[in-house]
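A structural walkthrough
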Amino acid sequence: QTHLGQAIQYLVLMLVVATYAACPLTVSWAKVVGHGEDGLPIKGRPFKEGSVIVASWLLICCVGLSLSFASGGLKHVRQCF
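Here is a short report on the structure shown in this document. What you see is a predicted model; the values in this text were computed from it and never measured. (Residues numbered from 1 in each chain as written. Predicted model: local features only at pLDDT ≥ 70, side-chain atom pairs only at ≥ 80, totals over all residues. Heavy atoms only, no water.)

1. Some remarks on a nonpolar patch on the surface
Quick note on the threshold: For patches, a residue must show more than 30% relative accessible area and have no salt bridge; joins then use 9 Å for like charges and 5 Å for nonpolar side chains, namely Val, Leu, Ile, Met, Phe, Trp and Tyr. All accessibility values rest on the Shrake-Rupley procedure with a 1.4 Å probe; residue burial counts only the protein chains present in the view. Any Lys or Arg side-chain nitrogen found within 4 Å of a carboxyl oxygen on Asp or Glu counts as a salt bridge. What counts as a helix is a DSSP run of H or I of at least four residues, what counts as a strand is a run of E of at least two, and both are numbered from the N terminus. For every residue, the accessible area obtained with a 1.4 Å probe (protein chains only) is divided by the maximum for its type, and the residue is called buried under 20%, exposed over 50%, and partly exposed between those limits.
A grouping of V16, Y20, V54, W57, L58 and I60 is seen on the molecular surface, where their side chains present a nonpolar patch of about 580 Å² in accessible area. Of all the secondary-structure elements, those providing two or more residues to the nonpolar patch are α1 (3–29) and α2 (50–79). Take the nonpolar patch: its biggest share by element is four residues, from α2. Topologically, V54 is positioned in helix α2. V54 gets classed as partly exposed once you look at its relative accessible area, which sits at 44%.

2. Observations concerning the layout of surface pockets
Condition: Space inside and on the surface of the protein is sampled on a 1 Å grid over the protein atoms alone, with a cavity defined as a set of points where a 1.4 Å probe fits but cannot get out and a pocket as an open set with protein on both sides within 12 Å along at least 5 of 7 lines; lining residues have an atom within 4 Å of a point. Grid points are joined across faces, edges and corners, and a volume is the space filled by probe spheres set on the points. Residues are grouped as follows: nonpolar covers Ala, Val, Leu, Ile, Met, Phe, Trp, Tyr, Cys and Pro; charged covers Asp, Glu, Lys and Arg; every other residue, Gly included, is treated as polar.
In this structure, the largest pocket spans a volume of roughly 650 Å³. Together, 22 residues line the largest pocket, and I8, V12, G64, L67 and S68 are the ones closest to its centre. Contributions of two or more residues to the lining of the largest pocket are made by α1 and α2. Per-element accounting of the lining of the largest pocket gives the leading share, 12 residues, to α2. Taken together, the residues that form the lining of the largest pocket break down as 11 nonpolar, 11 polar and no charged.

Below, the structure written as structure tokens:
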């Protein structure tokens, strides 16, 4: 592999880790949704709809397969399975 290929792989790995880490961080920051008239925090219960999770998995899969195809054609796509 070339140095450019390795750099792209490391970049994609970092982006995937950041993608998975962003959801719990966002949820933990979103627990307090406001403050009441008495000044006490109003805590919400954040959730993700199932279709959002499935859509994000499909998007991650499509991006991964596209990157595999771009880096080595069908040979690299077949190695994903």
